[in-house]
2 protein chains.
Amino acid sequence: MGKRAAQPRESVWLSPRPARKHRAGESELDREKIVATAVRVLDAEGDAKFSMRLLAEELHVTPMSVYWYVANKDDLLELALDAVAGEIELPSLDDGEDWRADLRALARAWRRTMIAHPWAIRCYGEYLNIGPSSVRFTECAQAVMARSPLPLKDRSAALNVVFQYVYGFTATESRWLEHLAETGRTAEEFAAEVTGSMAALSPALEQGGLLDRDGDRSMEELRDRDFDRGLHWLFTGMVAGTP
Amino acid sequence: MGKRAAQPRESVWLSPRPARKHRAGESELDREKIVATAVRVLDAEGDAKFSMRLLAEELHVTPMSVYWYVANKDDLLELALDAVAGEIELPSLDDGEDWRADLRALARAWRRTMIAHPWAIRCYGEYLNIGPSSVRFTECAQAVMARSPLPLKDRSAALNVVFQYVYGFTATESRWLEHLAETGRTAEEFAAEVTGSMAALSPALEQGGLLDRDGDRSMEELRDRDFDRGLHWLFTGMVAGTP
DNA sequence: ACCTGAACACCGTTCAAGT
DNA sequence: ACCTGAACACCGTTCAAGT
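Keep in mind it's a predicted model, so treat the numbers as computed, not measured.

Considerations on the overall build of chain A
Part 1 of the argument: When helices and strands are counted, chain A shows 11 helices and 0 strands.
Part 2 of the argument: When the helices and strands of chain A are read in sequence order from the N terminus, they spell out α-α-α-α-α-α-α-α-α-α-α.
Part 3 of the argument: In chain A, which comprises 243 residues, the proportion classed as buried is 51%.
Part 4 of the argument: In chain A, 70% of the contacts between residues at least 6 apart in sequence involve partners at least 24 apart.
Part 5 of the argument: When the accessible surface of chain A is summed, it comes to about 11,200 Å², and 51% of that surface belongs to carbon and sulfur atoms.

Here is the structure:
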């Protein structure tokens, strides 16, 4: 991931390579199948272990066969990312909901999908992400913003701010969850360890209570609450206007 | 970067390995010098080209010598990240400034440093980032929040939300800047290309005006303005309270 | 205590050759 | 039109050996 080549690479979407199709067949190779398998392998093994060679093995094919359908690994990951973006559930826009409710639904759906495919949010940071499914998502978001009271010229900037927050929140959360999975610790154990390690460097931080929260809610509930809170603050601020 | 090993790795900071020091010497190897050189190579070559072998070459030493001082590449990157975190300019806290002004200054300083070391923000996403300099930063942020009107128990969550936004904004921005540098295009050319490519998939988006902004300000000014705006909205929302 | 060389088990990708 | 095998130029890291 993110290993940018020495010479720059054009996005698959900017200069699309033809998705070559074979003659007849059924269980034969084609780009769609390759991308679907890549997503499956990425989900199962993570992007650290994912390789063209492993993918080829899964396809029962030589590594180099894959290169007939995709130009290189980066292109493949960009295609895989857009495939996953296609899973994001878009809210229906004519349900009479407030624009904020719809935007929140959109943000939640994005987060849910990214948490389900932790490798995807790392791709999201690397690539332009302007494939068809991402565009469909952006279209929906723009339509929601169009119902906001914001002046027309501020809408896209506002939308960007919202999704920069969503991206930052989800990336952090996803990393945290992966750490837990890797080390096999519970969220509480891990939080205690991190706090302890920071407190060793700075006694001030312990009493600052970086990590203690209302005790009787699960970590997951707290994350959901914090996520929604950030959105709520942004919406409030946006409506209040900018000086 | 981000290639997580098959078996989980403990953070350098959670179980610190001793920074071995050699006997006398002057231009000899030691952990400090290794980390400083790593930062220099990362700045010059980017994290894609950075390797233990390249670093060793720069140090005029065998690749394996480095492993006497750091356990592995991930540890080294975590150390490099904290070194860079040490460059962040913290605002002085007794200048009678509003807490929002100080928090904004902190966010701006963080962003400035990360933009100056594009590889660093990718590390930031990967590692726990609880080294001494990061802790120092968090300490400062907590001290600023302590002057906010927010209820004590909400302060750390609010701080997290702010820096999740800052992280998302800066990561996106940094990626954008790298794309420009790689392809040698101007910001305007690149924006036009991306918009065009999206519009090809969705005519609705073009008239939606995803990317057109007040024409007479530079892209850089616009980014600064948008960054501050998001912060302002969050502050406004935070003060208005959560339902 | 520190540094080396050789080797292992991987990568992504090129290229010429097969069918 | 599609797929292969061999090879190239890399990785991070282990391990036994040197000083």
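Looking at the interface of chain B and chain A
Part 1 of the argument: Of the residues lining the interface, 66 residues belong to chain B; the matching set on chain A comes to 67 residues.
Part 2 of the argument: Put simply, chain B and chain A have 8 salt bridges between them.
Part 3 of the argument: The interface formed by chain B and chain A holds 9 residue pairs in polar contact (both at pLDDT 80 or more) in total.
Part 4 of the argument: Taken together, the elements giving at least two residues each to the side of chain B that touches chain A come down to α1 (31-49), α6 (118-126), α7 (132-145), α8 (155-183), α9 (187-201), α10 (203-208) and α11 (219-240) of chain B.
Part 5 of the argument: Broken down by element, the residue count for the side of chain B that touches chain A peaks at 16 residues, all from α8(B).
Part 6 of the argument: For the side of chain B that touches chain A, the class distribution of residues is 27 nonpolar, 20 polar and 19 charged.

Description of the UniProt feature "DNA-binding region" (unreviewed entry) in chain A
Part 1 of the argument: Here, UniProt's "DNA-binding region" (unreviewed entry) annotation points to residues 51-70 of chain A.
Part 2 of the argument: Spanning residues 51-70 of chain A, this segment combines 55% helix with 0% strand, and its end C-alpha atoms are found 14 Å apart.

Describing the relation of the copies chain B and chain A
Part 1 of the argument: With an RMSD of 0.0 Å, the fit of chain B onto chain A corresponds to turning through 180° and sliding 0.0 Å along the axis. The operation mapping one copy onto its partner corresponds to a two-fold rotation axis.
Part 2 of the argument: Same-surface contact between copies: 100% of interface residues of chain B are shared with the interface of chain A.

Rules used in this analysis
Residues numbered from 1 in each chain as written. Chains lettered and ligands numbered in written order. Predicted model: local features only at pLDDT ≥ 70, side-chain atom pairs only at ≥ 80, totals over all residues. Heavy atoms only, no water. Helix = DSSP H or I, 4+ residues; strand = E, 2+ residues; numbered from the N terminus. Buried < 20%, exposed > 50% of the residue type's maximum accessible area, 1.4 Å probe, protein only. Contact = heavy atoms within 4.5 Å. Areas by Shrake-Rupley, 256 points an atom, 1.4 Å probe, with all protein chains shown as cover. Salt bridge = Lys/Arg side-chain N within 4 Å of Asp/Glu carboxyl O. Polar contact = N/O pair within 3.5 Å; in protein donor to acceptor, adjacent residues only side chain to side chain. Nonpolar A, V, L, I, M, F, W, Y, C, P; charged D, E, K, R; others polar. UniProt positions renumbered as here; feature names shortened; annotations may be inferred. Least-squares fit on C-alpha atoms with pLDDT ≥ 70 in both.

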